[in-house]
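Summary of structural features
What follows is the residue order along each chain.
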Amino acid sequence: MEEVIYNNQKDTLKSLIEQGSTNAYTFLQVGTNLRISTFEEQRIGRVISTVETFFRNSNTFAVVDVVIGGSYGKGTALTGHHDLDIIVFLSATSPLGSSSRKGYREATLDDLLTSCQVDLAPNVRESRYAATGKVIKKLKAVSLEIRNLKVDILLAPQFVDKDSLYRHLLSLPPRERNLLSAATCVIQKSFFDRVIPDPAQRDTLRAATRLAKLWRNIQSLPHKVNPGSYLIELLTLHAYQLSSLSSSSHNPPSVYQIFVEFLLVILSHSTLSVTWEEEYNVSPDYPRMSDQRPLVRDPANPFNNVAHRRCVADWGPVAERALLTLVHMNLHPDFIPRTTAATNTTTTSNRHDDDDDDDEDYLFRLVDEMASNNIDDDEDDIDIAVDYEYDYDDY
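Residues numbered from 1 in each chain as written. Predicted model: local features only at pLDDT ≥ 70, side-chain atom pairs only at ≥ 80, totals over all residues. Heavy atoms only, no water.

**Comments concerning the packing of helix α1 (residues 2–19) against helix α10 (residues 199–219)**
Where α1 contacts α10, the axes come no closer than 10 Å and their chain directions differ by 85°. Considered as vectors, α1 and α10 are oriented roughly perpendicular to each other. Residues Tyr6, Gln9, Lys10, Leu13, Lys14 and Ile17 of α1 pack against Leu211, Leu214, Trp215, Asn217 and Ile218 of α10. Tallied by class, residues from the contact of α1 with α10 come to 7 nonpolar, 2 polar and 2 charged. (Axes fitted to C-alpha atoms, helices over the stretch in contact; angles between N-to-C directions. Helix = DSSP H or I, 4+ residues; strand = E, 2+ residues; numbered from the N terminus. Parallel < 35°, antiparallel > 145°, perpendicular 65-115°, else oblique. Contact = heavy atoms within 4.5 Å. Nonpolar A, V, L, I, M, F, W, Y, C, P; charged D, E, K, R; others polar.)

**Topic: the pairing of strand β2 (residues 84–90)**
Taken across its 7 residues, β2 has 7 buried, putting it largely inside the fold. Alternating residues of β2 divide into Leu84, Ile86, Val88 and Leu90 and Asp85, Ile87 and Phe89, and every residue in both groups is buried. Pairing between strand β1 (residues 63–69) and β2: 6 bridges, direction antiparallel. Counted as the bridge partner of Ile68 is Ile86 from β2. By the bridge criterion, 7 bridges tie β2 to strand β5 (residues 149–157) in an arrangement that is parallel. Looking at β5, one finds that Ile87 is bridged to Leu154. (Buried < 20%, exposed > 50% of the residue type's maximum accessible area, 1.4 Å probe, protein only. Pairing = 2+ DSSP bridges.)

**A few points about helix α13 (residues 316–328)**
Since the α-helix advances by 3.6 residues per turn, residues separated by three or four positions end up pointing in the same direction. With 13 residues, α13 extends 18 Å from end C-alpha to end C-alpha; this agrees with the ideal 18 Å at 1.5 Å per step. Every buried residue of α13 is listed here: Gly316, Val318, Ala319, Ala322, Leu323, Thr325, Leu326 and Val327. Phi for Asn330, located one or two positions after α13, is positive at around 60°. (Expected span 1.5 Å × (residues − 1).)

**Points about the nonpolar core**
Core analysis: the biggest nonpolar cluster contains 77 residues, and Phe27, Trp215, Leu235, Phe259, Phe262, Val296 and Met329 have the highest contact counts within it. By residue number, the principal contributor to this core is helix α12 (residues 255–267), which donates 11 residues. Setting aside chain neighbours within four positions, we find Trp215 in contact with Leu13, Ile17, Phe259, Phe262, Leu263, Ile266, Val318, Arg321, Ala322 and Thr325. The next biggest cluster of nonpolar side chains, apart from the first, holds 29 residues, and it includes Cys116, Ile146, Val151 and Ile153. (Core = buried A, V, L, I, M, F, W, Y, C linked by side-chain atoms within 4.5 Å.)

**A look at the packing of aromatic side chains**
Under the criterion given, the structure shown has 11 aromatic pairs. Seen in terms of ring centroids, Phe27 and Phe259 are 6.1 Å apart; in terms of plane orientation they differ by 35°. Their pairing is tilted. Here Phe27, found in helix α2 (residues 24–33), pairs with Phe259, found in helix α12; they are 232 residues apart in sequence, far enough to count as distant. Just as Phe27 is buried, Phe259 falls in that class too. Taking 5.1 Å as the distance between ring centres and 85° as the angle between the ring planes, the aromatic pair formed by Phe54 and Phe55 counts as edge-to-face. Summarising the burial analysis for this pair, Phe54 and Phe55 share the class buried. Here a set of aromatic residues connected by ring pairs shows up, and it is made of Phe27, Trp215, Tyr256, Phe259 and Phe262. (Phe/Tyr/Trp six-rings, centres within 6.5 Å; stacked < 30°, edge-to-face > 60°.)

Below is the structure:
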């Protein structure tokens, strides 16, 4: 049933784009219909309960908390097309909490792998929510499948507060910071709630984000040039904030407006620079990123540029698809930079120009020019090159 709903919304979005529709209500419907269904919520809830109970009763790990992260945790997962990220927070006295050295991390992940193989998977198999497939150790997680739902289990140390976490990250060599990336998941979730306090507008943003993810999925881009879920979420938030500049509190931006702005933000990737400081102030101690383009500084992690080329190796293909979408929608970007000091943002504005309907070659040349002007970043700053979303498959 979920797959049918997903495919129907995919077909609807394609039709809306091809028809050049500006029906804001229909775009809202697509984004809303992509929500996780009640049946999925119930199934996921039972899986979470099983995994959480297992770890809270574990004698192997000093568990402090169990948190749901990723797209599902932020309410932007797509029905029938999502996985589940479960972050197990350990006491700071555990090996993972006291040090993030590779040896400790490997030992802790090995313990996690063993526990999942020997105890968790058999426990789940005895229930009616049978585990299928192998239990696999990844770089920062252990993955298994429960009732056709891919579950990634990540370990993270529990810090007293986020300032303690940032100080700890600052004390580590760049190549080791990403080992503690899962520790920022709670900050990620609280950031979105803080930056948009109105629940109704958060629902609008989530619907627009699901729409943007569906559009990304329709493009079927190669993995290396496919924007990850966390990057899509941040780009859509940025698009929401830009759309709000021309809106009022009585007439907030629609899902359609946010989606169009999202496409324009992608087109402006070579000049894109956005930083949020709701969770931290950019300190001189943190890596300097002001000259990096594109720059989408992780609002939960000052060491991470989510838009770095190691996250999206080449922005050209996704920018080309964004351009084609705008052309189909009869919306032509004029590529005039717009700067917003409040969010340290540079992006593009748009206009509707029927006289340019056949000028696609010109627009493609502009995309090529923007790609060739992209600034080359420092190869040594590997810590800012890691997409801190847990898995690109988290749709």
